[in-house]
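Now for the letters of each chain:
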Amino acid sequence: MTKFLLSVHVIAAILAIGPVAVAASMFPPAARRALATGPDDDSGHEVHGGHDPDPTGTLRLLHRICRVYAVVGVVVPVFGFATASQMGVLGSAWLIVSILLTALAALVLAALVLPAQSALLDGSAGTGRAARLGMVTGLFNLLWAAVTVLMIVRPGSTTGA
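Residues numbered from 1 in each chain as written. Predicted model: local features only at pLDDT ≥ 70, side-chain atom pairs only at ≥ 80, totals over all residues. Heavy atoms only, no water.

## Here's the deal with the overall build of the protein chain
Okay, step 1: Counting secondary structure elements, the protein chain contains 5 helices and 0 strands.
Okay, step 2: Written out in order from the N terminus, the α and β elements of the protein chain read α-α-α-α-α.
Okay, step 3: Per-residue burial over the protein chain gives 32% buried out of 161 residues.
Okay, step 4: Sequence separation of at least 24 residues holds for 74% of the intrachain contacts in the protein chain that already meet a minimum separation of 6.
Okay, step 5: About 9,100 Å² of surface is accessible on the protein chain, with carbon and sulfur atoms providing 69% of the total. (Helix = DSSP H or I, 4+ residues; strand = E, 2+ residues; numbered from the N terminus. Buried < 20%, exposed > 50% of the residue type's maximum accessible area, 1.4 Å probe, protein only. Contact = heavy atoms within 4.5 Å. Areas by Shrake-Rupley, 256 points an atom, 1.4 Å probe, with all protein chains shown as cover.)

Shown next as C-alpha cells:
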C-alpha cells in the first residue's frame, strides 16, 4: 500500500504542481508584454509588432491553469499525509519542514500570486505589479524546489533515501 500511495503522491505532485509552477512563471513576462503592446492600428496589425495575437487571452489561459491546478493540487498533501502515515514518519523533522513549506507555498499562491494575476487581468495594475508578481512567483517556485529536495534527501531519515 505504501508504494501505491507514494506513487499517487509523486504523480499528483508532478501533474498538479508542475503546471501551476510553469503557468505562474509564464504569466509575469506575458503580462509585461501585454502591458507594453500598443493599440491596433487601422490595418488590424499591432503597432509594436508583438508576437502574441491575443495577449489577454494568453493571460486568461495561464491564470485559469493556475487556478484549476491549484485546486487539483490539494490531492498532493492528502496523499502525502497518507504516505507518511503508512511509512510511520509523520513526526520526522524533514517532513514537518516540508509540510510547513508546502503550506507557505499554498499561502503565497492563494494570497499573492492569484490575486496579482487577477489584478493584472482586470487592468487594475501596472508594469510594477507584473515585476512584483515575477518575484513572488519565483518565491513560490523556490518553496516547491525546497520541498522536493527535502522529499528526496530526507535529512536524518532512518527509512533510507
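## Brief notes about the UniProt feature "transmembrane region" (unreviewed entry) in the protein chain
Okay, step 1: When the UniProt feature table is mapped onto this chain numbering, "transmembrane region" (unreviewed entry) sits at residues 61-81, 93-113 and 133-153.
Okay, step 2: Secondary structure over residues 93-113 splits into 100% helix and 0% strand, and the C-alpha atoms at its two ends are 28 Å apart.
Okay, step 3: Taken end to end, residues 133-153 is 100% helix and 0% strand, and its two terminal C-alpha atoms sit 30 Å from one another. (UniProt positions renumbered as here; feature names shortened; annotations may be inferred.)

## What to know about the UniProt feature "signal peptide" (unreviewed entry) in the protein chain
Okay, step 1: When the UniProt feature table is mapped to this numbering, "signal peptide" (unreviewed entry) covers residues 1-23.
Okay, step 2: Across residues 1-23 one finds 96% helix and 0% strand; the C-alpha atoms that close the span lie 33 Å apart.

## A closer look at the side chain of Ser 98
Okay, step 1: Within the fold, Ser 98 resides in helix H4 (residues 93-122).
Okay, step 2: Look at Ser 98 and you get buried, because its relative accessible area is 1%.
Okay, step 3: There is a polar contact of 2.8 Å between the side chain of Ser 98 and the backbone oxygen of Trp 94.
Okay, step 4: When sequence neighbours within four positions are dropped, the list of residues in contact with Ser 98 reads Val 147, Leu 150 and Met 151. (Polar contact = N/O pair within 3.5 Å; in protein donor to acceptor, adjacent residues only side chain to side chain.)

## Some details on the layout of surface pockets
Over the atoms rolls a probe the size of a water molecule, and in doing so it shows where empty space is left.
Okay, step 1: Estimated volume of the largest pocket: approximately 670 Å³.
Okay, step 2: Along the wall of the largest pocket there are 27 residues; nearest its centre are His 9, Val 10, Ala 13, Val 147 and Met 151.
Okay, step 3: Among the secondary structure elements, those contributing two or more residues to the lining of the largest pocket are helix H1 (2-36), helix H3 (75-87), H4 and helix H5 (127-153).
Okay, step 4: For the lining of the largest pocket, the element with the most residues is H1, which contributes 8 residues.
Okay, step 5: Of the residues in the lining of the largest pocket, the class split is 18 nonpolar, 7 polar and 2 charged.
Okay, step 6: In this structure, the second largest pocket encloses a volume near 210 Å³.
Okay, step 7: Lining the second largest pocket we find 16 residues, and of these Ala 70, Gly 73, Ala 106, Leu 109 and Trp 144 sit closest to its centre.
Okay, step 8: Contributions of two or more residues to the lining of the second largest pocket are made by H1, helix H2 (55-72), H3, H4 and H5. (1 Å grid on protein atoms, 1.4 Å probe; cavity = no way out; pocket = protein on both sides within 12 Å on 5 of 7 lines; lining within 4 Å. Points joined across faces, edges and corners; volume = space filled by probe spheres on them. Nonpolar A, V, L, I, M, F, W, Y, C, P; charged D, E, K, R; others polar.)

## Some remarks on H2
Within an α-helix, residues lying three or four positions from one another point in the same direction, as the helix has 3.6 residues per turn.
Okay, step 1: Here H2 spans 26 Å end to end across 18 residues, near enough to the 26 Å set by a 1.5 Å rise per residue.
Okay, step 2: On its buried side, H2 packs onto H1 and H4. (Expected span 1.5 Å × (residues − 1).)

## A short note on H3
Okay, step 1: Along its 13 residues, H3 runs 18 Å from first to last C-alpha, staying within 8% of the 18 Å computed at 1.5 Å per residue.
Okay, step 2: Those residues of H3 that are buried lie in contact with H1 and H4.
Okay, step 3: Phi turns positive one or two residues past the end of H3, at Gly 88, with a value near 75°.

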